[in-house]
Amino acid sequence: ASRPEDEALQVLQILCDAFKSANLVEVNLSDNALGSKGISACRSVLSGQVESLQRLSLCNNGLSAASMEEVADILTADVDDGS
């Protein structure tokens, strides 16, 4: 939390974009105070992982029920689209 929010979200999105084509088995985003804006910044790395992702850790991020619904929507978008 030592960085301004806008800068932190931009860095997070850049990192997530770098891994968007990877077939990740585990993603650990715990202890990052993500909130809804952080989940949106992680969209690129979370989407398209339904085939490979075995473990997603989001502990201690202050995520609301609405944010968790957003996570579920991102993870299942490809399945819902028939991909």
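Above: the structure in question.
Described below are features of the structure shown in this document. Please read all numbers here as calculations on a predicted model, not as lab measurements.

It is worth spelling out the side chain of Ser52 at this point. Its place among the elements puts Ser52 in the loop between α3 (43-46) and β2 (55-57). Among the polar contacts made by the side chain of Ser52, one reaches the main-chain carbonyl oxygen of Leu24 at a distance of 2.8 Å. In this structure the side chain of Ser52 is engaged in a polar contact, spanning 3.1 Å, whose partner is the side chain of Gln49. Excluding anything up to four places from it in sequence, Ser52 contacts Asn23, Leu24 and Val25.

Before going further, it helps to examine the pattern of salt bridges. The final tally for this structure, using the stated rule, is 3 salt bridges. Between Glu26 and Arg55 there is a salt bridge, with its nearest N and O atoms 3.4 Å apart. Here Glu26 is found in strand β1 (residues 26-28), whereas its partner Arg55 is found in strand β2, with 29 residues between them in sequence. By relative accessible area, Glu26 is classed as partly exposed at 41%. Of the residues examined, Arg55 reaches a relative accessible area of 47% and is grouped as partly exposed. Residue Arg43 pairs with Glu70 through a salt bridge whose shortest N-O separation is 3.6 Å. Residue Arg43 is found in helix α3, and its partner Glu70 is found in helix α4 (residues 65-80); the two are separated by 27 residues along the sequence. When its relative accessible area of 14% is taken as the criterion, Glu70 is described as buried.

Before going further, it helps to examine unusual backbone geometry. Residues apart from glycine generally show negative phi values, whereas peptide bonds are mostly found in trans. Of note, the phi angle at Ala33 is positive, near 45°, even though the residue is not glycine. Its identity is not glycine, yet Asn60 carries a phi of approximately 60°, on the positive side.

This paragraph deals with the nonpolar core. Residues Leu34, Cys42 and Leu46 are the most contacted members of the largest nonpolar core, which totals 18 residues. Those elements that provide at least two residues to this core are α1 (5-18), α2 (35-41), α3 and α4. Sequence-distant contacts of Leu34, defined by excluding residues within four places in its chain, comprise Leu12, Leu29, Ile39, Leu58, Asn61 and Leu63.

Take α1 next. The first and last C-alpha atoms of α1 sit 20 Å apart over 14 residues, in line with the 20 Å expected at 1.5 Å per residue. The set of residues buried in α1 consists of Leu9, Leu12 and Cys16. The buried side chains of α1 occupy one side of the element, clustering within an arc of 60° when seen end-on. Exposed residues lying more than 90 degrees from the buried face of α1 are Asp6, Gln10, Ile14, Leu15 and Ala18. Considering only its buried residues, α1 is in contact with α2 and α3.

Rules behind the numbers
Per chain, the residues get numbers from 1 upward, laid out in the order the sequence is written. Reporting of local features is limited, given that this is a predicted model, to residues whose pLDDT is at least 70; pairs of side-chain atoms are given and counted only at 80 or more, and all residues count toward the totals for whole chains, interfaces and linings. The basis for every side-chain value is the complete set of non-hydrogen atoms in the structure, without hydrogens or water. The way it works is that DSSP assigns letters per residue, a run of H or I at least four long becomes a helix, a run of E at least two long becomes a strand, and they are numbered from the N terminus. We define a polar contact as two N or O atoms separated by no more than 3.5 Å, with the added condition that, inside protein, one atom must be a possible hydrogen donor and the other a possible acceptor, whereas residues neighbouring each other in sequence contribute only through side-chain atom pairs. Only heavy atoms matter for contacts: two residues are in contact if any of them lie within 4.5 Å across the pair. What makes a salt bridge here is a side-chain nitrogen of Lys or Arg within 4 Å of a carboxyl oxygen of Asp or Glu, nothing more. Note on exposure labels: buried denotes an accessible area under 20% of the residue type's maximum, exposed denotes more than 50%, and partly exposed covers the range between, all computed with a 1.4 Å probe on protein chains only. Grouping buried Ala, Val, Leu, Ile, Met, Phe, Trp, Tyr and Cys residues that are joined through side-chain atoms within 4.5 Å yields what is termed a nonpolar core. Expected span, for any helix, means 1.5 Å times one less than how many residues it has. The directions considered for the arc run from the helix axis to the C-beta atoms.

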